[in-house]
Amino acid sequence: MCDEKRLAYRVDELEEKLTDLIDYVYSIGAKDVIDYIDKAIYKVSEDGTYRDEVDGYHSPGDCYSPKGHYCGDCTKRTCAHCDFAYLEEEEWEDE
């Protein structure tokens, strides 16, 4: 495997681990860490809405995938690595 592919694989692996960690911290309610993530990474607005790093839209009770599909009240902090994030219209209807 060439160095570029190895590096790209490692970056993807680290991004997935970071996303899992963020989801875990969010699920246990670690307020200080969540506040830091909100301010530094997601830039959460006063009304609680934000766009994640893959352009998913999140707000209390209304979340949308990067493709614009309504996800309802999602429990994830980000759409990165979500199985439903990049489904096309016809695939979404099958789910």
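Here the structure is shown first, and the text comes after it.
Residues numbered from 1 in each chain as written. Predicted model: local features only at pLDDT ≥ 70, side-chain atom pairs only at ≥ 80, totals over all residues. Heavy atoms only, no water.

Counting its secondary structure elements, the protein chain contains three helices and four strands. Its helices and strands in sequence order give the protein chain the pattern α-α-β-β-β-β-α, from N to C terminus. Across its three principal directions, the C-alpha atoms of the protein chain cover 45 × 40 × 20 Å. Taking all 95 residues of the protein chain together, 25% fall into the buried category. Of the contacts formed within the protein chain by residues at least 6 apart in sequence, a portion of 27% connects residues at least 24 apart. Averaging the locations of the 11 positively and 26 negatively charged side chains of the protein chain gives two centres separated by 8 Å. (Helix = DSSP H or I, 4+ residues; strand = E, 2+ residues; numbered from the N terminus. Buried < 20%, exposed > 50% of the residue type's maximum accessible area, 1.4 Å probe, protein only. Contact = heavy atoms within 4.5 Å. Lys, Arg positive; Asp, Glu negative; His and termini not counted. Charge placed at Lys NZ, Arg CZ, Asp CG, Glu CD.)

Here we take up the layout of surface pockets. In this structure, the largest pocket occupies an estimated 190 Å³ of space. Taken together, 14 residues form the lining of the largest pocket, with Y26, Y50, S59, P60 and R77 sitting closest to its centre. Residues of the lining of the largest pocket, tallied by class, amount to six nonpolar, four polar and four charged. When its volume is computed, the second largest pocket comes out at roughly 160 Å³. (1 Å grid on protein atoms, 1.4 Å probe; cavity = no way out; pocket = protein on both sides within 12 Å on 5 of 7 lines; lining within 4 Å. Points joined across faces, edges and corners; volume = space filled by probe spheres on them. Nonpolar A, V, L, I, M, F, W, Y, C, P; charged D, E, K, R; others polar.)

A few words now on the pattern of salt bridges. Side chains carrying opposite charge are able to pair once their charged atoms draw close together. Applying the stated criterion across every chain, the model contains three salt bridges. Between E13 and K17 there is a salt bridge, with the nearest N and O atoms lying 3.5 Å from each other. Remark: K17 and E13 occur in helix α1 (residues 3-28); sequence separation between them is four residues, near one turn of the helix. In this structure, the salt-bridge partner of R51 is D55, at a minimum N-O distance of 3.7 Å. (Salt bridge = Lys/Arg side-chain N within 4 Å of Asp/Glu carboxyl O.)

What follows covers the packing of aromatic side chains. In this structure the tally under the stated criterion is two aromatic pairs. Here Y57 and Y64 contribute two aromatic rings whose centre-to-centre distance is 6.2 Å and whose plane-to-plane angle is 45°, an arrangement assigned as tilted. Y64 gets classed as partly exposed once you look at its relative accessible area, which sits at 31%. Members of the aromatic cluster, connected to one another through ring pairs, are Y57, Y64 and Y70. (Phe/Tyr/Trp six-rings, centres within 6.5 Å; stacked < 30°, edge-to-face > 60°.)

Hydrogen bonding along the main chain pairs the strands of a sheet, whether they run parallel or antiparallel. A sheet is described by the order of its strands in space; here four strands give the open sequence β1-β2-β3-β4, paired in antiparallel fashion. Across the chains shown, the open sheet's two edge strands, defined by having one partner strand only, are β1 (50-51) and β4 (70-72). When strand β3 (residues 62-64) meets β4, the two strands line up antiparallel, connected through two bridges. Within β4, the residue paired with Y64 across the bridge is Y70. (Pairing = 2+ DSSP bridges.)

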